[in-house]
Amino acid sequence: MKKNLLTATVIAAVLLLWLFSGLFVDTPSTAEDLADLTDASETEVIRDADARMRVRVASYAAEQRTLTRVLRGKTESKRTARISAETSGRVISRPVERGDRVSSGQLLCELATDDREAAVTEARALFSQAEIEFAGAQRLKDRGLLSDAGIAQVNTDLERARAQLTREELNLARTRVTAPFDGVIEQLHVDVGDYATTGTLCATLLDLDPMLIAASVSEQDIDFIQPGSPVTARTSTDKRVEGNVTFVGRQSDATTRTYPVEITVANPDYTLRAGLTTVVSVEAETVLAHRVSPALFTLDDAGVLGLRAVDKNNRVVFHPVEVIEDASNGAWVTGLPGIVQLITVGHEFVSAGQRVLVENEATPPATARR
């Protein structure tokens with residue numbers, strides 16, 4: 001019993017000492033004193049934190065960079081002609097084969113002339129006779145021996161003979177089906193011995209020089225694509241070609257809301273085939289940009305992509321940036337001052353407005369390996 005009473009007495013004495021200890025502590029007497037004490041404490045904490053934070057920075061200078069827009073399309077022949085016969089007859093010659101390169105005017109198919117040559121000879125003789133008769137009638141008219149009606153009739157006979165000769169010559173010429181332009185034979189539709197009628201296909205001819213690349217551009221990028229813009233393209237066969245934009249559509253597709261674009265590239269050796277999937281890079285405009293390492297990217301509290309730098313007072317500054325191009329040796333961004341001191345080591349551990357200790361880096365990581 002006495003032991004329990006002694007324990008309770010000791011506990012009570014300790015409690016009384018703790019309660020009366022507040023009388024001997026110097027506490028802030030007013031709200032202003034409390035605020036001063038709080039500010040002083042926070043300033044001291046920040047100063048201590050700043051003194052402990054050391055970062056490494058490097059100087060980055062802006063460079064001129066040409067923006068590009070990447071499009072996808074396919075190669076197409078500039079012209080495709082399905083050449084057909086313009087008269088009837090049996091095919092007696094077909095001197096070309098599939099894949100042959102032909103020149104404008106070269107014979108593709110020849111039909112039997114039958115009696116067409118005889119018809120031309122006859123028409124030529126009738127035309128000569130009509131010319132002689134017209135000359136004689138003209139002399140009679142000059143002497144007053146032929147009326148105007150008579151000379152008009154002779155003139156009509158002359159023009160009829162001229163038209164007949166032209167008709168027969170054209171009919172004979174149509175037995176020779178020729179290439180309308182330089183190109184390559186893609187398909188043959190008749191063989192020697194076949195009977196062709198008017199409209200029978202003889203051959204399909206492709207014009208592959210120059211070659212066209214047909215692509216589509218979104219409505220967001222259409223204003224960046226202009227006729228004459230330089231283009232670099234790579235086909236699905238890994239062939240690199242260069243050309244220029246030659247057409248930009250003004251009416252979008254009703255379904256995809258994209259605009260048609262045509263690019264013309266030289267193809268003198270016909271090695272570039274039609275129908276190849278192609279990735280096209282179109283040069284759009286030139287801007288000032290910085291090339292930085294993607295490892296330096298960070299996000300602010302609002303989730304905006306940017307880079308942290310230091311100002312002349314060694315305070316951290318956050319710069320929002322826009323990535324305009326990804327390259328193998330860094331990313332090109334806009335939104336930075338012309339010359340900027342970017343934090344290359346320690347940017348993950350500092351925030352905007354914070355004062356830091358700065359250690360300069362000789363060469364920026366993104367530009368050390370070109």
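Model, not experiment: these values are computed from the prediction. (Residues numbered from 1 in each chain as written. Predicted model: local features only at pLDDT ≥ 70, side-chain atom pairs only at ≥ 80, totals over all residues. Heavy atoms only, no water.)

Caption draft 1: The overall build of the protein chain, seen in detail. Counting its secondary structure elements, the protein chain contains 5 helices and 20 strands. Counting the 370 residues in the protein chain, one finds 33% classified as buried. Put simply, of all contacts in the protein chain between residues at least 6 apart along the chain, 73% involve residues at least 24 apart. Taken as a whole, the protein chain presents about 22,800 Å² of accessible surface, with 52% of it coming from carbon and sulfur. (Helix = DSSP H or I, 4+ residues; strand = E, 2+ residues; numbered from the N terminus. Buried < 20%, exposed > 50% of the residue type's maximum accessible area, 1.4 Å probe, protein only. Contact = heavy atoms within 4.5 Å. Areas by Shrake-Rupley, 256 points an atom, 1.4 Å probe, with all protein chains shown as cover.)

Caption draft 2: Highlighting the pairing of strand 1 (residues 54-61). Sheet topology note: the strand 1/strand 20 (residues 357-360) ladder contains 4 bridges and is parallel. Its bridge partner lying in strand 20, Arg54 is registered against Leu357. By the bridge criterion, 6 bridges tie strand 1 to strand 19 (residues 339-345) in an arrangement that is antiparallel. Paired with Ala61 across the strands is Ile339, a residue of strand 19. (Pairing = 2+ DSSP bridges.)

Caption draft 3: Quick peek at the environment of Val279. Tracing the chain through its elements places Val279 in strand 13 (residues 277-292). With relative accessibility at 34%, the residue Val279 sits in the partly exposed group. Residues Val279 and Ser236, 43 residues apart in the sequence, show an inter-C-alpha distance of 8.1 Å. Not counting residues up to four positions away in its chain, the partners in contact with Val279 are Val70, Leu71, Arg72, Thr232, Ala233 and Arg234.

Caption draft 4: Local environment of empty space enclosed by the protein. Counted by the stated rule, this structure contains 1 cavity of 30 Å³ or more. Quantified by volume, the largest cavity comes out at close to 40 Å³. Contributing to the lining of the largest cavity are Ala85, Val91, Cys109, Leu111, Val177, Val190, Ala196, Thr200, Leu201 and Cys202. Here the lining of the largest cavity is composed, by residue class, of 9 nonpolar, 1 polar and no charged. (1 Å grid on protein atoms, 1.4 Å probe; cavity = no way out; pocket = protein on both sides within 12 Å on 5 of 7 lines; lining within 4 Å. Points joined across faces, edges and corners; volume = space filled by probe spheres on them. Nonpolar A, V, L, I, M, F, W, Y, C, P; charged D, E, K, R; others polar.)

Caption draft 5: How the structure looks around the side chain of Arg69. Relative to the assigned elements, Arg69 resides in strand 2 (residues 63-84). A polar contact is formed between the side chain of Arg69 and the side chain of Asp221, at a distance of 3.2 Å. Ignoring sequence-local partners within four residues, the contact set of Arg69 consists of Asp221, Phe224, Ile225, Val280, Ser281, Val282 and Ala284. (Polar contact = N/O pair within 3.5 Å; in protein donor to acceptor, adjacent residues only side chain to side chain.)

Caption draft 6: Structural context of the pattern of salt bridges. As enumerated under the stated definition, the model contains 13 salt bridges in all. A salt bridge links Glu169 to Arg124; the shortest N-O distance between them is 3.4 Å. Placement of Glu169 in helix 4 (residues 148-173) and of Arg124 in helix 3 (residues 116-142) is noted, with a sequence separation of 45 residues between them. One salt bridge connects Arg240 with Glu242, and the closest N-O pair in it is separated by 3.0 Å. Taken together, the shared-partner salt bridges in this structure form one network comprising Arg94, Glu97 and Asp191. (Salt bridge = Lys/Arg side-chain N within 4 Å of Asp/Glu carboxyl O.)

Caption draft 7: Here's a closer look at the sheet that holds strand 3 (residues 89-93). An order of 6-5-3-8 is seen for the 4 strands of this open sheet, with the pairing classed as antiparallel. On the outer flanks of this sheet lie strand 6 (176-178) and strand 8 (195-196), each paired with one strand and no other. Direction of pairing for strand 5 (residues 107-111) relative to strand 6: antiparallel, over a ladder of 3 bridges. Its bridge partner being in strand 6, Leu107 is matched across the sheet by Thr178.

Caption draft 8: Main features of the pairing of strand 2. Of the pairings in the sheet, the one linking strand 2 to strand 13 comprises 11 bridges and is antiparallel in character. When the bridges of strand 13 are listed, Leu71 appears paired with Val280. Relative to strand 9 (residues 201-218), strand 2 runs antiparallel, the two sharing 11 bridges. Counterpart to Glu76 in the pairing with strand 9 is Leu212.

Caption draft 9: Expanded view of helix 3. Helix length check: helix 3, at 27 residues, gives a terminal C-alpha distance of 39 Å against a target of 39 Å (1.5 Å per residue), a fit within 8%. Within two residues after helix 3, Gly144 carries a phi angle of roughly 80°, on the positive side. (Expected span 1.5 Å × (residues − 1).)

Caption draft 10: Broad picture of the state of the cysteines. As enumerated under the stated definition, the model contains 1 disulfide in all. A disulfide bridge connects Cys109 with Cys202, and the sulfur atoms are separated by 1.7 Å. As the torsion about the S-S bond is roughly 85°, the Cys109-Cys202 disulfide counts as right-handed. Of this pair, Cys109 sits in strand 5 while Cys202 sits in strand 9; the two residues are 93 residues apart in sequence, bridging distant segments of the chain. The pair Cys109 / Cys202 is uniform in exposure class, with both members buried. (Disulfide = S-S within 2.5 Å.)

Caption draft 11: Fine view of the environment of Pro260. Mapped onto the elements, Pro260 comes out in strand 12 (residues 258-265). The partly exposed category is assigned to Pro260, whose relative accessible area is 36%. A C-alpha to C-alpha distance of 8.2 Å links Pro260 and Arg250, two positions 10 residues apart in sequence. With residues up to four places along the chain from it excluded, the contact list for Pro260 reads Ala215, Phe247, Val248, Gly249 and Gln251.

Caption draft 12: Representation of the nonpolar core. Formed by 24 residues in total, the largest nonpolar core has its most connected members in Val245, Ile263 and Val280. Of all elements in the fold, only strand 9, strand 10 (230-235), strand 11 (240-248), strand 12 and strand 13 reach the threshold of two or more residues within this core. Take this core: its biggest share by element is 6 residues, from strand 9. Not counting residues up to four positions away in its chain, the partners in contact with Ile263 are Met211, Leu212, Ile213, Val231, Gly243, Asn244, Val245, Thr246 and Val280. With 19 residues, the next largest nonpolar core counts Val96, Ile185, Val190 and Leu205 among its residues. (Core = buried A, V, L, I, M, F, W, Y, C linked by side-chain atoms within 4.5 Å.)

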